[in-house]
Structure formats: C-alpha cells, structure tokens
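# Structural description and commentary
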Amino acid sequence: AVASGAVPAGGLPSFGSALHDGLGRCSPCAWFWKPRGCQSGASCTYCHMCPEGELKNRKKAKVAAIRLGAIEPARLQGGAAQPKANLKLTTLL
C-alpha cells in the first residue's frame, strides 16, 4: 500500500512506474489512457509510462502463448481447476 499524499521518487509519474524498463516487468495502468484518466494519480501502483495499448498487447501475447502451449493458464484458487456442475433437466425437476 502506498501512503496517501506520497510522491514517487525520481520524478516518476506513478509508484508503479518504478519497474518500467521497456522489458515488460511493470504492470500497465488500465485507466491512465482512458478519457477520465487514472483517479489514483501519482499514488497508483501501476505503470503510467507504458504506451497506449500496452495492456491490450500484453493480454493478446499471453493468450497466444497459452494457445501455443508455451505457458500454462493461471489456475483457480487451490491449485486445481474446479469441476463444472453437471446439471441435467431431470435433476432439476
């Protein structure tokens, strides 16, 4: 958590921008490029230095990597996928 009223060091636009290096180690702010902007401002824990569309590009790259089998999708809590309920009309009547 970031203290209210705290200012990021080194003239960074947000606290989350500290990890910005162009190599993808930071987490882009989903709100910074929206018309209303990021309401957290400098105290935001996400990066305000990433270019517009970076979050969308990273999501697309992640989905492509999952489809190619290069990475595993994130698991639900507990480490294993929860089985879906097996609902049939006869059991509901």
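Quick summary incoming for the structure in this document. Because the structure is a prediction, the values reported are computed rather than measured.

## A word on the environment of Gly 24
- In this fold, Gly 24 is placed in the segment before α1 (54-68).
- For the pair formed by Gly 24 and Arg 58, sequence separation is 34 residues and the distance between their alpha carbons is 8.5 Å.

## Some details on the environment of Gly 41
- For Gly 41, the position within the fold is in the segment before α1.
- Placed 27 residues apart in sequence, Gly 41 and Ser 14 show a C-alpha to C-alpha distance of 6.6 Å.
- Setting aside anything within four residues of it in sequence, one finds Gly 41 in contact with Pro 13, Ser 14 and His 48.

## Details of the environment of Arg 25
- By the element assignment, Arg 25 lies in the segment before α1.
- Spatially, the C-alpha atom of Arg 25 lies 9.9 Å from that of Cys 47, the residues being 22 residues apart in sequence.
- A polar atom in the side chain of Arg 25 sits 2.7 Å from the side chain of Asp 21.

## Quick look at the state of the cysteines
- Per the counting criterion, the structure on display carries zero disulfides.
- The thiol of Cys 47 is unpaired, and the distance to the nearest cysteine sulfur, on Cys 50, comes to 3.8 Å.
- Judged by its relative accessible area of 2%, Cys 47 is buried.

Parameters at a glance
Residues numbered from 1 in each chain as written. Predicted model: local features only at pLDDT ≥ 70, side-chain atom pairs only at ≥ 80, totals over all residues. Heavy atoms only, no water. Helix = DSSP H or I, 4+ residues; strand = E, 2+ residues; numbered from the N terminus. Contact = heavy atoms within 4.5 Å. Polar contact = N/O pair within 3.5 Å; in protein donor to acceptor, adjacent residues only side chain to side chain. Disulfide = S-S within 2.5 Å. Buried < 20%, exposed > 50% of the residue type's maximum accessible area, 1.4 Å probe, protein only.

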